[in-house]
Amino acid sequence: MREQSLAERLGGQALDVRVGLLTRMLTLVGILPILMILLVIVFGLLQPRFLAGQNLYTVGIQSVYLVIVAVAQMVVLLTGGFDLSVGSSIALTSIVTASVVASSSGDAGGITAASLAGIGTGTLIGAVNGTVIALFSVSPFIVTLAMLSIASGAALILSGGVPVFNLPSGFAGTLAKGTVAGVPVPWIITALIILLVYVLLSWTRFGRYLYAVGGNPDAAHLSGVPVRRCLFLAYTLAGVLTGMAGVLLTARVGSGEPNLGATVPLESIAAAVLGGVSLRGGEGTLLGAVLGAVFLVFLRNGMDLVRISSYVQMVVTGVLLIVAIVADRYIHGR
Amino acid sequence: MSTAVSQPPLLRVEGLTKRFPGVLALDGVDFELRAGEVHAVVGENGAGKSTLVKVLAGSFRPDRGRLFLEGREVVIRGPHHASVLGIRVVFQELSLVPQLSVVENLFLGREVARSGLLRKGIMLRRAVEALSLVGAALDPHAPVRELRPAQRYLVEIAKATLADVRVLILDEPTASLTAEEATRLFELCRTLQQSGVAILYVTHRLEELFAVATRVTVLRDGRHIVTLPIADVDQRRLITYMTGREFREIFPPLEAPRPAVRLRVRDLTVGGRLQATSFDLRAGEILGVGGLIGSGKSDLGRALFGLEPEAAGTVALDGAPSDAHRLDPRRLLRQGVMYFPPDRRKEALVLCRSVAENVTLAALARFERLGLLRKKEERRAVHGLVGRLRIRVPGTSVRVQVLSGGNQQKVMLARGLVRDVRVFICDEPTQGIDVGAKVDVYRFIRDLAAQGASVILISSDTAEILHLCHRVLILYRGIPMGILAGEELTEENVVRNYFGARLAEVAHA
């Protein structure tokens, strides 16, 4: 009450003056830049190789998969939901893609068909999530948790529990190791995805609607926003992007893996939230989600280099997620 | 009252000053509170009411000024210390735990126990006493979440009376009460007053002062303007003190409506909450809809915007009739109807987004070319509206969250100017905003009508029902009591109809 009245009398500037320097800095940039600097300093000192050009390049390539899923995750986070099924969606996508490409000769047609099948799988999963969440107004938590189980089970059934090996070399050669004018194909695809989502979020009605639906669905409805359609499209878009990540990841590991992407749901949520995307919906930037993902991969790489076990790394990821959520509360208030 | 004057004041402050960076929230305020009085403090948002309350409650330390309790100077060290001194605040935002029972809440933090075991019998007995004192007929074991807002408020007051309270501060107490509940609260104030408690009554609503207060103090811009016995002022003078503006400026005469009927409503019903209601709304007309809480006036507004699936009847817009239950917000928006809900924060605004995004949310298509938004044009349009509605913001990219209630309200209303809206349905457009912002909202509504738009003004503010509307439809428990216009539109008639006394002849549009 008091703050509002002050804000009014000063035309809204009083608040900015009154909050502390730390809060202002956090509000402005979030916690990510601070963590980023710490990361560079700590691992740079512990292991000089960490900042070498070769390592940075490796991290750059490794990041793209999490970057894409974090972007997907961000889209649904904006609507105030989240998607726990991104991991098993990647697994199922991987099996489908690998099966299709394995049955082809590995020529351009086969690779295209496999990619489309993979993306289609992701899209279908997203569309089912979106339909149930939008039509029946059910909690995204339960729906996507159920979908996690469904897609995971489907991946195991299709593959019989064993990886799909013997993929034609052209597949990985194009989608994982290929370059166009010296630029790795995964980078190009990721850049295109980021550009597309940027335009969608910042320059279209749909993007505005996503923020509004997440910020206050009642207000959106009153303003004539097709709330259900937006929710459906958000989950479907997340499915498309996850499918793309699944195809690229399959090319990178070189086989169809029924257990691929198990850690992705947590990591993608952590990445987005670290990047300042609010868990309550309505707030967050694409750049934040992308940098959050790069940060997590960078951190994992650093920990690998100084031989911190993957078990410890799991603990660290979990702790970071909690830190990010607390920071989110702290920055954006109650 | 003459006896009260001879007594020394229970609480006195001298030269109270509180500065926040960039603003003087309290500027040398002198003020005294006598035992056994209900002392109202009124003023616009930013006048210093809340700061004064928070200083007395121990939440803020004043920068300068002295505070005397029964003639002895005291320094309030914090909220707990304030309550030890006998000063208790009942805030608007209630401090009850919904899951706990009434008794558990009443004794929360000061449970009666012996050897570590709760003495439930004693607590129950005292709870019943306190509840009956405040006139709350409640099951003390009922969980607070099952209580209505009014009952919760009474529990809050009961909680205050359980401690040794000498100064009771009520902050906007009637915000969530119906008229009947408010009347009961006023009686409670008088009871407490007779027992020697001093009540500091902070409010926006001027009409209730006259029912409850013995004296009134007006603050403006952190300064003490005047303190007067309530018998010596009327509403118009209070408004003048608070705003520095004359009543005529606030409610100038209206222009006459135009002949064309814009909206024709026939036999509109909403479940059991609104019975067959019919009226015509002309171009350039402001139709007031009055009634108490539960009268169905909000249901009427929601139904007209297609938000009530149970609605039935016919609504014809510009002569094209449709079934009331087929109305749909998206189509109505396209046809030029817009609805402004009473709870702007919950229903209308996306608080975490910017002023600009909130203003244009309902009209984004207008700023679209080839599927992309033209943000420059959007910004220009929003800037124009910010100026026109006198929305005080540092920029259009700040979040709506940080704005005052009045400015938030204007952001919501600005939506109606971004697209072609010809029927405005406004439910409580001035609820919880200060007088200055009210004046701006009144001007906004008057201007709309003058330009030929039609306005349905749903309101529980008698002043705006009387002075801002061409005609007034009054509802009582879902029953349309008739439409008042011209000479019939008097305060007495309006209030009588609020309580269900039907007019001799039911006016039909």
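Residues numbered from 1 in each chain as written. Chains lettered and ligands numbered in written order. Predicted model: local features only at pLDDT ≥ 70, side-chain atom pairs only at ≥ 80, totals over all residues.

## What about the overall build of chain A?
Each helix and strand counted, chain A has 16 helices and two strands in total. Its C-alpha atoms give chain A a radius of gyration of 21 Å, within 12% of the compact-globule value 20 Å for 334 residues. Viewed in the frame of its principal axes, chain A has a C-alpha envelope of about 70 × 55 × 40 Å. Within the span of chain A, comprising 334 residues, buried residues form 49% of the whole. Nonlocal contacts in chain A, meaning residues at least 24 apart in sequence, comprise 78% of its contacts between residues at least 6 apart. (Helix = DSSP H or I, 4+ residues; strand = E, 2+ residues; numbered from the N terminus. Rg over C-alpha atoms; globule rule 2.2 N^0.38 Å. Buried ≥ 20, exposed ≤ 12 C-beta atoms within 10 Å, placed from the backbone. Contact = placed C-beta atoms within 7 Å.)

## Here's the deal with the packing of helix α10 (residues 185-203) of chain A against helix α11 (residues 205-215) of chain A
Residues and elements named next belong to chain A. Two elements in contact, α10 and α11, have axes separated by 5 Å at closest approach and are oriented at 70°. In terms of orientation, α10 and α11 fall into the roughly perpendicular class. From α10, Leu200, Leu201, Ser202 and Trp203 reach across to α11, where they touch Phe206, Gly207 and Leu210. Of the residues assigned to the contact of α10 with α11, the class counts are five nonpolar, two polar and no charged. (Axes fitted to C-alpha atoms, helices over the stretch in contact; angles between N-to-C directions. Parallel < 35°, antiparallel > 145°, perpendicular 65-115°, else oblique. Nonpolar A, V, L, I, M, F, W, Y, C, P; charged D, E, K, R; others polar.)

## Brief notes about the nonpolar core
Core analysis: the biggest nonpolar cluster contains 257 residues, and A:Ala70, A:Val71 and B:Leu457 have the highest contact counts within it. Residue contributions to this core peak at 16 residues, all from helix α13 (residues 227-253) of chain A. Residues contacting A:Ala70, with those up to four places away along its chain left out, are A:Ser268, A:Ala271, A:Ala272, A:Ala289, A:Val290, A:Gly292 and A:Ala293. (Core = buried A, V, L, I, M, F, W, Y, C linked by C-beta atoms within 7 Å.)

## Some thoughts on the pairing of strand β3 (residues 38-42) of chain B
Residues and elements named next belong to chain B. Counting buried positions over the five residues of β3 gives five, a clear majority of the element. Where burial is concerned, the two faces of β3 agree: the one with Val38, Ala40 and Val42 and the one with His39 and Val41 are both buried. Relative to strand β11 (residues 215-220), β3 is paired through four bridges, and the arrangement is parallel. Bridge pairing links Val42 to Val218 in β11. (Pairing = 2+ DSSP bridges.)

## Quick word on the sheet that holds strand β22 (residues 454-458) of chain B
Two orientations exist for strands paired in a sheet by backbone hydrogen bonds: parallel and antiparallel. All names here are of chain B. Spatial ordering of the open sheet is given by β18-β21-β22-β15-β23-β24, a layout of six strands whose pairing is mixed. Strands with a single pairing partner mark the edges of an open sheet, and in this sheet they are β18 (337-340) and β24 (479-485). Across this sheet, the average inter-strand angle for adjacent strands is 15°, counted without regard to direction. Here strand β15 (residues 286-290) pairs with β22 via four bridges, running parallel. Along β22, the bridge assignment pairs Leu287 with Ile456.

## Examining the confidence of the model for chain B
Residues and elements named next belong to chain B. Here chain B averages 87 in pLDDT, while 95% of its residues score no lower than 70. Contacts for the low-pLDDT stretch residues 1-5, under 50 throughout, to residues beyond four places or in other chains number five contacts. Within the model, pLDDT remains below 50 along residues 503-509, and this stretch shows ten contacts once partners closer than five positions in the same chain are excluded. For this predicted complex, the interface score ipTM comes out at 0.85, while the overall pTM is 0.77. (pLDDT = per-residue confidence, 0-100.)

## Let's talk about the sheet that holds strand β12 (residues 223-229) of chain B
Residue and element names in this part refer to chain B. Read from one edge of the open sheet, six strands run β6-β9-β10-β3-β11-β12, paired in mixed fashion. Pairing within the sheet leaves two strands with one partner each, and these edge strands are β6 (87-90) and β12. Mean inter-strand twist for the sheet, computed between neighbouring axes without regard to direction, equals 20°. In the sheet, β11 pairs with β12 via six bridges, with the strands oriented antiparallel. The residue bridging Arg215 from the neighbouring strand is Pro229, located in β12. Strands in contact with helix α2 (residues 49-56) are β3, β6, β9 (167-171), β10 (198-202) and β11; relative to β9, the strand with the most contacts, it is inclined by about 145°.

## With respect to the packing of helix α5 (residues 120-133) of chain B against helix α6 (residues 149-162) of chain B
Residue and element names in this part refer to chain B. Where α5 contacts α6, the axes come no closer than 9 Å and their chain directions differ by 120°. The orientation of α5 relative to α6 falls into the category oblique. Like other packed secondary-structure pairs, α5 and α6 cross with a definite hand, here right-handed. Where α5 abuts α6, its residues Arg126, Ala130, Leu131 and Leu133 lie against Ala158, Thr161 and Leu162. (Left-handed = near helix turned anticlockwise from the far one by under 90°.)

## What to know about the environment of B:Phe186
All names here are of chain B. Here Phe186 lies in helix α7 (residues 179-194). On the neighbour-count criterion, Phe186 (18 C-beta atoms within 10 Å) is partly exposed. In the structure, Phe186 is positioned 23 residues away from Ala163 in sequence and 21 Å away in space, judged by C-alpha atoms. Residues contacting Phe186, with those up to four places away along its chain left out, are Ala211 and Val212.

## Quick look at the pairing of strand β17 (residues 320-323) of chain B
All names here are of chain B. When strand β16 (residues 311-317) meets β17, the two strands line up antiparallel, connected through four bridges. The residue of β17 that forms the bridge with Leu317 is Ala320. In sequence, β16 turns back onto β17 through a hairpin of two residues, with Asp318 there showing a positive phi of about 50°.

## Observations regarding helix α15 (residues 286-305) of chain A
All names here are of chain A. End to end, α15 covers 29 Å across 20 residues, agreeing with the expected 28 Å (1.5 Å per residue, within 8%). In terms of burial, α15 is a largely internal element, 15 of the 20 residues being buried. After α15 finishes, the residue Arg307 shows a positive phi value of roughly 60°. (Expected span 1.5 Å × (residues − 1).)

## Brief notes about helix α9 (residues 235-243) of chain B
Residue and element names in this part refer to chain B. Every buried residue of α9 is listed here: Leu238, Ile239, Tyr241 and Met242. In an axial view of α9, the angular spread of the buried residues amounts to 160°, which keeps them on one side of the axis. Where α9 is buried, its residues touch β3, α8 (206-212), β11, β12, α10 (247-250) and α17 (435-450). Gly244 occupies a position one or two residues after α9 and carries a positive phi of about 70°. (Arc of directions from axis to C-beta.)

## Structural notes on unusual backbone geometry
For A:Arg307, which is not glycine, the phi dihedral falls at a positive 60°. Within the element layout of this structure, A:Arg307 appears in the loop between α15 and α16 (310-332).

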